[in-house]
Amino acid sequence: QVQVVESGGGLVQAGGSLTLSCAASGYTNSNYWMAWFRQAPGKGRQGVAAISPGGGPTDYIDSVQGRFTISRDNAKNTLALQMNSLKPEDTAMYYCAAKHLAREGTVWTNYTYWGQGTQVSVSS
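What comes next concerns the included structure. Computed from a prediction, not measured in an experiment: that's the story for all the values here.

It is worth spelling out the pattern of salt bridges at this point. Side chains bearing opposite charge may pair, as long as their charged atoms lie close to each other. Under the criterion given, the structure shown has two salt bridges. Between Asp90 and Arg38 there is a salt bridge; the shortest N-O distance is 3.0 Å. Of this pair, Asp90 sits in the loop between strand E8 (78-83) and strand E9 (92-100) while Arg38 sits in strand E4 (residues 32-39), and the two are 52 residues apart along the sequence. A residue is classified by how much of its surface remains accessible, and Asp90, at 1% relative accessible area, is buried. Arg38 gets classed as buried once you look at its relative accessible area, which sits at 6%. Its salt-bridge partner being Arg67, residue Asp90 comes within 2.8 Å of it at the nearest N-O pair. Here Asp90, found in the loop between E8 and E9, pairs with Arg67, found in the loop between strand E6 (58-60) and strand E7 (68-73); they are 23 residues apart in sequence, far enough to count as distant. Take Asp90 and Arg67: they sit in the same class, and that class is buried. Sharing partners across several salt bridges, the network here consists of Arg38, Arg67 and Asp90.

Cut-offs used in this document
- Residues numbered from 1 in each chain as written.
- Predicted model: local features only at pLDDT ≥ 70, side-chain atom pairs only at ≥ 80, totals over all residues.
- Heavy atoms only, no water.
- Salt bridge = Lys/Arg side-chain N within 4 Å of Asp/Glu carboxyl O.
- Helix = DSSP H or I, 4+ residues; strand = E, 2+ residues; numbered from the N terminus.
- Buried < 20%, exposed > 50% of the residue type's maximum accessible area, 1.4 Å probe, protein only.

Below you can see the structure in the form of structure tokens.
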């Protein structure tokens, strides 16, 4: 049974940092693209950061480039998102997602497995 579980969210002041973690089980992590998405109240879900199966190429949306870092440990089946210099506009529910490397689409589409999300709130 595939499970994807996020943790590490919380409330932080603007300029602060948080690290989100994602623990995956039930599949071979090294065959999957993984990504972090977020959804703010009243807005659609947005891809934030993605990382290739081997942990090499990464991709970020412009608004988090230079502030967020995505990483993975395939031996432990984990994914992380280090978030620095947080802004109030980063407030959202953050989701971990995974898709097999054979699935078509961009780094932001066609994800198969999703976690339940972890809330990040940034106060001004």
